[in-house]
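Structure assessment
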Amino acid sequence: MVNEERVAVRLDEQYCSRCSICRSLCPFDAIKKEAETGKIIVDIEKCQVCGICYSACPARAIDTIYYDYGSVISYLENAKQKHARQPLVIMCKGSTPDLAEVEGLFKVSNFIPLSVPCVGRISDELLLTVAGMGVEGIYVLACDEDYCRFDRGSPLARRRIFALNRLLAQLGYGEEFITLKRNSLKVKVDKDRCISCGNCVFYCPYHAPKLESPGGVNFDLDACKGCGLCVVMCPAFALELEHWERERISALISKLLPEMKPPKLLVFRCQWAAFPSLDGELSPNVRLIDLPCASRVDAIHILDAFNNGADGVLVAACSEEDCKQEKASGRAQRSVAKLGGILSQIGYQDRLHFVSVAPRNGDGFNKELEQFSQKIKDQGAKK
Amino acid sequence: MIVTAQKPLNEILDLVSPYSKILIVGCDGCTQPPRGLREAKTLGQLLELGGRLKGKDFTFKATTLVKQCDSFLTASALKPQVEGVEAVLSLACGIGVQTVAELFPELVVLPAQNTHFMGMEDREGGILEERCIGCGDCLLALTGGVCPFTRCAKGLLNGACGGARNGKCELSPDRYCAWELIFERLEKKGKLDNIREFRPPRNYQVKAWRLVP
């Protein structure tokens, strides 16, 4: 159950006009109209915290604890003090490549980055306020529409930006003050390494890989949803997921571990399982690596972490019901359990832990992290 | 495919503990999942981790071969990689291990796997079952494609024994009765007469230990 105090999305009945716009936009059927009273109710257990209802409510009756108007504006005001009159780039974290690539994509340099889970949660009001704050332009990077983890977020952002650009043009902001671009992060195949074993074909939930003729596997990239499961199942290192390449994650691990204080706790987290706050500070014992899905959690990287001196590794994923991919988190849980069994053979029992969390519960992840930290502290540091 | 299972890590650690520079050699050949480059690298990481707790520092290199049992491929592919290596830890089946040991007699070659059988994976994945004992006298044509040597717990050539309950073997309730499977398959093909045919005891003389291709 979600803790009342830190529930992620809340509807204030006092302001609700019962227009049902939120209900019609919710991709997860989490908003209901009570038959007898006509009241609009958020079923938080179904809510995936995309923020679409928050951004769309004309009465501002819905509130969220993540990336709401107030926190985004204060983040931008802080950023603007450092870099006056720079463009703002709002990116969905589901499809964001390197910031250098983002620069190239929009042909802007030195921008204020704002990474959010789903650009569908950015309201008209926020975009207009930002325009009035004197930024040089607003750039929005959304997922391809059929890649959107929240189904309706990316199409909604398109419609919203189209309408706002018309409005801003009338006000003298130029024809396209807000620029929308799309991106998706998908699998890459190195055919020289492929051994045609068919593991990717077996595991892919979307039937993207095909192994029909000699000469290695072919991927239907339109079908690929970028979960990364095939990448960790490939025995030949022939597959990579864009922006989440194996070497890149390994390099990040070797960079993070030395700057931590013992007991060192590294977290591999599905980026949809918990949302980082815009001004969050981490304890020196803890570092986070957000991954596109728990199924991209790789035994290689967990072992990298331990070999670089981690005292504990936490894998935080969505529950199987909340998984934005096809049951990928269940697969990840089994892989972690298997690796945990092997690790316990060599004295590393209870150092690897898997938890399911959800952003709907604002404290969910932090509580699990605290419990695991305590457990690792009690066990003491490894050599 | 040839089905192998990794030895317990402590056993492997004991095997490699006299050496420091170790080459882990995977095999992309017939095992499922392939014991390729990923397994080689992962095993190296695990042994490094386990070695550290025992105060032992290893240097592992990981590589893989297309088919470790192919002596031509293995000789040419492995030769440039074994220089300065004290021991080779092989992820292949027993045949691969022996191939490397024979090709590089001066090298210490250690098995990381226990080789179990020739078999296949069920459709759901996760379970591997023995399907062929290499008897040298294949009778699958008579039995509708079900091998009674491997699938009948008693290895009966003229079944069924009568001990099956609900299609499952009396020895183990999660094992199908091979002879009931054979009956069903033959029935579907309209070849039930096959079952009346008497099959004499296995002729061990036809089992070859070497063949000229």
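Cut-off values and rules
Residues numbered from 1 in each chain as written. Chains lettered and ligands numbered in written order. Predicted model: local features only at pLDDT ≥ 70, side-chain atom pairs only at ≥ 80, totals over all residues. Helix = DSSP H or I, 4+ residues; strand = E, 2+ residues; numbered from the N terminus. Expected span 1.5 Å × (residues − 1). Buried ≥ 20, exposed ≤ 12 C-beta atoms within 10 Å, placed from the backbone. Contact = placed C-beta atoms within 7 Å. Core = buried A, V, L, I, M, F, W, Y, C linked by C-beta atoms within 7 Å. Domains from an automatic or database assignment. Pairing = 2+ DSSP bridges. Axes fitted to C-alpha atoms, helices over the stretch in contact; angles between N-to-C directions. Parallel < 35°, antiparallel > 145°, perpendicular 65-115°, else oblique. Left-handed = near helix turned anticlockwise from the far one by under 90°. Nonpolar A, V, L, I, M, F, W, Y, C, P; charged D, E, K, R; others polar. Right-handed = clockwise from strand over helix to strand, strands pointing away.

**Description of helix 11 (residues 328-344) of chain A**
Residue and element names in this part refer to chain A.
- With 17 residues, helix 11 extends 24 Å from end C-alpha to end C-alpha; this agrees with the ideal 24 Å at 1.5 Å per step.
- Within helix 11, burial applies to Ala 328, Ser 329, Arg 331, Ala 332, Gln 333, Ser 335, Val 336, Leu 339 and Leu 343.
- On its buried side, helix 11 packs onto helix 8 (229-233), strand 13 (265-270), helix 10 (299-307), strand 15 (312-317) and strand 16 (352-356).

**Some details on the nonpolar core**
- Of all hydrophobic cores here, the largest spans 148 residues; its most connected members are Val315(A) and Ala316(A).
- Broken down by element, this core gets its largest block of residues, six residues, from strand 7 (residues 138-143) of chain A.
- Beyond its immediate chain neighbours, meaning those up to four positions away, Ala316(A) contacts Val267(A), Arg269(A), Cys270(A), Ala273(A), Ala274(A), Val355(A), Val357(A), Phe365(A) and Glu368(A).
- The next biggest cluster of nonpolar side chains, apart from the first, holds eight residues, and it includes Val146(B), Cys177(B), Leu181(B) and Ile182(B).

**Overview of the domain arrangement of chain B**
- For chain B, the assigned domains are domain 1 (2-117) and domain 2 (133-202).
- The distance between the C-alpha centroids of domain 1 of chain B and domain 2 of chain B comes to 38 Å.

**Topic: the interface of chain A and chain B**
- Counting residues at the interface gives 20 residues for chain A, matched by 20 residues for chain B.
- Secondary structure elements with two or more residues in the side of chain A that touches chain B: helix 7 (199-203) and helix 10 of chain A.
- Considering each element in turn, the side of chain A that touches chain B owes the most residues, six residues, to helix 10 of chain A.

**So, the sheet that holds strand 13 of chain A**
All names here are of chain A.
- Read across the sheet, four strands follow the order 14-13-15-16 without closing on themselves; strand pairing throughout is parallel. In this open sheet, the two strands that pair with only one neighbour each are strand 14 (286-291) and strand 16. Taken pair by pair, the neighbouring strands of this sheet meet at an average axis angle of 20°, ignoring direction.
- Most of the contacts of helix 10 go to strand 15, to which it runs at about 150°, and overall it touches strand 13, strand 15 and strand 16.
- In this fold helix 11 packs onto strand 13, strand 15 and strand 16, with an angle of close to 160° to the strand it touches most, strand 16.

**Description of the pairing of strand 6 (residues 113-121) of chain B**
- Taken together, the five bridges between strand 1 (residues 2-6) of chain B and strand 6 of chain B define a ladder with antiparallel strand orientation. Considered in strand 6 of chain B, the bridge of Gln6(B) is made with Gln113(B).

**Observations regarding the domain arrangement of chain A**
- Parsing chain A into structural domains produces domain 1 (4-63), domain 2 (69-183), domain 3 (188-241) and domain 4 (246-379).
- Distance from the C-alpha centre of domain 2 of chain A to the C-alpha centre of domain 3 of chain A: 33 Å.

**Points about the sheet that holds strand 3 (residues 59-65) of chain B**
Residues and elements named next belong to chain B.
- Strand order in the open sheet formed by four strands is 3-2-4-5, with parallel pairing between adjacent strands. Each edge of the open sheet carries a strand with a single partner, namely strand 3 and strand 5 (108-111). When strand polarity is set aside, the average angle formed by the axes of neighbouring strands in this sheet is 25°.
- Sheet topology places strand 4 (residues 87-90) next to strand 5; four bridges connect them, and they run parallel.

**Examining the packing of helix 3 (residues 71-78) of chain B against helix 4 (residues 94-103) of chain B**
All names here are of chain B.
- The geometry of helix 3 relative to helix 4 is characterised by a closest axis approach of 10 Å and an angle of 60° between their N-to-C directions. Between helix 3 and helix 4, the angle falls in the class oblique. You can see that helix 3 and helix 4 cross each other, and the crossing is right-handed. Facing helix 3, whose interface residues are Ser 71, Thr 74, Ala 75 and Leu 78, helix 4 presents Thr 99, Val 100 and Leu 103.
- Here the residues of the contact of helix 3 with helix 4 are counted per class, giving four nonpolar, three polar and no charged.

**A short note on the environment of Phe149(B)**
All names here are of chain B.
- Mapping Phe 149 onto the fold places it in helix 5 (residues 148-151).
- Residue classification places Phe 149 among the buried positions, given that 20 C-beta atoms sit within 10 Å.
- For Phe 149, the contacting residues outside a window of four places in its chain are Ile 133, Cys 135 and Gly 155.

**As for the pairing of strand 2 (residues 21-27) of chain B**
Residues and elements named next belong to chain B.
- In terms of burial, strand 2 is largely enclosed, as six of its seven residues are buried.
- The pairing of strand 2 with strand 3 spans seven bridges and is classified as parallel. Across the sheet, Leu 23 pairs through a bridge with Lys 61, a residue of strand 3.
- Regarding the hand of the β-α-β motif, the stretch spanning strand 2, helix 2 (residues 37-53) and strand 3 is right-handed.
- In the sheet, strand 2 pairs with strand 4 via four bridges, with the strands oriented parallel. Residue pairing in the sheet places Leu 23 in a bridge with Val 88 of strand 4.

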